[in-house]
Amino acid sequence: MNTFYKIFIVILPLLYSSLNLDTTLHLRFLSLSLFIIVILIYLLFIKKDTSIFFSNRIIVLLYLMLLLIFFISSCINGFNTESIFILLKMFLLYLFLIISIKHIKENGYQQLLKPILLFSLLVSIIYFIELFNEEGIFLNDYRDLRLNSISSTMHNKNLLSSILFLLLPFLIYGINIFNKLWKGLSILSILFIFIILIIAQSRIVIFSVFVSIIVISIMNQEYIVNIFKSRVRSILGFIIVIILSLYMTNGFSSLSKEWSQTINLDSPSERLEMYESSYYMMLDNPVFGVGPGNWKLNVGDYGFYKNKNGKRFAQNPHNDFIWIATEAGIITGGIYLLFFFILLQRTFFIYQNKSGSEKLFFSCLFAIIIGYILISCFSFPLERFSHNIFILLIASIVAANQGLSEMIFLNKFRVILLSFFLIISIYTCFVAVIRLKGDFHTKNALNHLDDNKYELAIIEINKAYNHLYFDIDNTSTPILYYRGISNYYLGNYCLALDDLLFAHKRNPHNIYILKYLQKIYHEL
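Residues numbered from 1 in each chain as written. Predicted model: local features only at pLDDT ≥ 70, side-chain atom pairs only at ≥ 80, totals over all residues. Heavy atoms only, no water.

Caption draft 1: Up close: unusual backbone geometry. A positive phi angle, near 50 degrees, is found at Lys180, a position not held by glycine. Following the sequence through the fold, Lys180 ends up in helix α8 (residues 180-200). Residue Lys180 is classed as exposed on the basis of its relative accessible area, which comes to 77%. Phi at Ser476 is positive, roughly 60 degrees, even though this residue is not glycine. Here Ser476 lies in the loop between α20 (454-464) and α21 (480-489). Residue Ser476 is classed as buried on the basis of its relative accessible area, which comes to 1%. (Helix = DSSP H or I, 4+ residues; strand = E, 2+ residues; numbered from the N terminus. Buried < 20%, exposed > 50% of the residue type's maximum accessible area, 1.4 Å probe, protein only.)

Caption draft 2: Spotlight on the packing of helix α7 (residues 157-177) against helix α17 (residues 356-376). Contact pair α7 / α17: the axes reach a minimum separation of 10 Å and the direction vectors enclose 175 degrees. The angle between the axes of α7 and α17 places the two elements in the roughly antiparallel class. Across from Ser162, Phe165, Leu166, Leu168, Pro169, Phe170, Ile172, Tyr173, Asn176 and Ile177 in α7, the residues of α17 making contact are Ser357, Glu358, Leu360, Phe361, Cys364, Leu365, Ile368, Gly371, Tyr372 and Ile375. Residues belonging to the contact of α7 with α17 are distributed by class as follows: 15 nonpolar, four polar and one charged. (Axes fitted to C-alpha atoms, helices over the stretch in contact; angles between N-to-C directions. Parallel < 35°, antiparallel > 145°, perpendicular 65-115°, else oblique. Contact = heavy atoms within 4.5 Å. Nonpolar A, V, L, I, M, F, W, Y, C, P; charged D, E, K, R; others polar.)

Caption draft 3: Region of interest: the side chain of Thr477. If you trace the backbone, Thr477 turns up in the loop between α20 and α21. Side-chain polar atoms of Thr477 contact the side chain of Thr475, separated by 2.9 Å. Of note is the side chain of Thr477, whose polar atom sits 3.5 Å from the side chain of Asn510. Discounting residues that sit within four places of it in the chain, Thr477 has contacts with Ile472, Tyr482 and Asn510. (Polar contact = N/O pair within 3.5 Å; in protein donor to acceptor, adjacent residues only side chain to side chain.)

Caption draft 4: Representation of helix α23 (residues 511-523) within the structure. Here α23 contains 13 residues, and its C-alpha end-to-end distance of 19 Å stays within 8% of the 18 Å for a straight helix at 1.5 Å per residue. Among the residues making up α23, those that are buried are Ile513, Tyr516, Leu517 and Ile520. Along the long axis of α23, the arc covered by the buried residues comes to 105 degrees, so they all point the same way. Among the exposed residues of α23, those pointing more than 90 degrees away from its buried face are Gln518 and His522. On its buried face, α23 is in contact with α21 and α22 (493-506). The opening residue of α23, the one whose side-chain oxygen lies 3.0 Å from the backbone nitrogen of Tyr512, is Asn510. (Expected span 1.5 Å × (residues − 1). Arc of directions from axis to C-beta.)

Listed below in structure tokens is the structure:
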């Protein structure tokens, strides 16, 4: 189990498919489900060890509450392909949390440092390969546009920056406890991370780094002073490398431009419009929200797409706490925030009882959790499996270091419950395969549409569509829309009308569906 756990961490950055619309989401969904299945089978039937699974720690209970309320919200608002996906995703993450607590309690967290270091190096190396394959990328005329598209295997530059930010405590701890080769790799990895942060220039992540540095410095004043005294040359060299990175990539002018846009209150902000629409959505649905996965389909009811001409379709409000509050109720959004506050409190308590390098490590975890809260207020790491895995890994370390007590009343039912979890995990794997396949065929259909091969596009959509598990793509466009417009161009107006009416019912705010409906009615 220990080796398998480490391998899973290391290969996460490699779980990427350019053949899909979303290059990582469904593949990592499938991979996590397979990971959970293998672990549960091993513990139930090979090792026959079901101890330390049902901890009564508040961190675990809060996450379980989130899952249960999301389920209730789905029951009230109705199940659809997106709500089923989100419920199964949260179910897998809950299992990952309780499995990780057991694993760390039995094996310690230090054995995860090398896999996490390799994860970091892989992400960074892939990023630099992408970077140097782009000729002239640092020219001012192209810099921002082309750099925004480079994100290693983390979907976009902000999500790339935030996952690297989460790795910093483990790498810093590695510098303190590793010898020679692994210490050098840890230093190199941190250097890579800061260079990437400078190039990618995710404002909220850079701000979170500064906040974290201040917090760590306050919590470890004497230790930080000693480091500055003993490693002045190394620190100066590190600063020089960062400055050179900024200079060589035209980063100074770009960074100045980014921050001037941030503090320009006179320019209209799409983010503020999303927050305003989400606010009214919460007021209308305060208790159980609009249902998991339904923010992107309901936000148009609250004026967000007014005067936007269908140029972009938002998938979430770029704030995880607001996102949960709108989809599962205001109280649920508060529970998610409370999860992090409790995590901070428990981390600080452990920090107070540690010494030396462990004290520094838990102060770093404390600072990174604060930074992650800030990032979650302006981004959407909740959407991505890799981010959830690492924040829950941190939560597992904190829970395992407090000492564990189990819910005694569940002792008699542990095997039954874990067997039930295994069955649901197998079902989740089945759903993940359908969604991965659907996403793959949808991308093929879009390629055929671009080439005006409408018959082939229809064949691909027929393979992609599943009314229970996959009927909408990563831009919240119902995939029957693509079959509808294919039939329109083939002159099959009645078939096109059926598909487009269904697509309009699924997402009434997609302006392109309305445009093609207008064309069909004109033809008929």
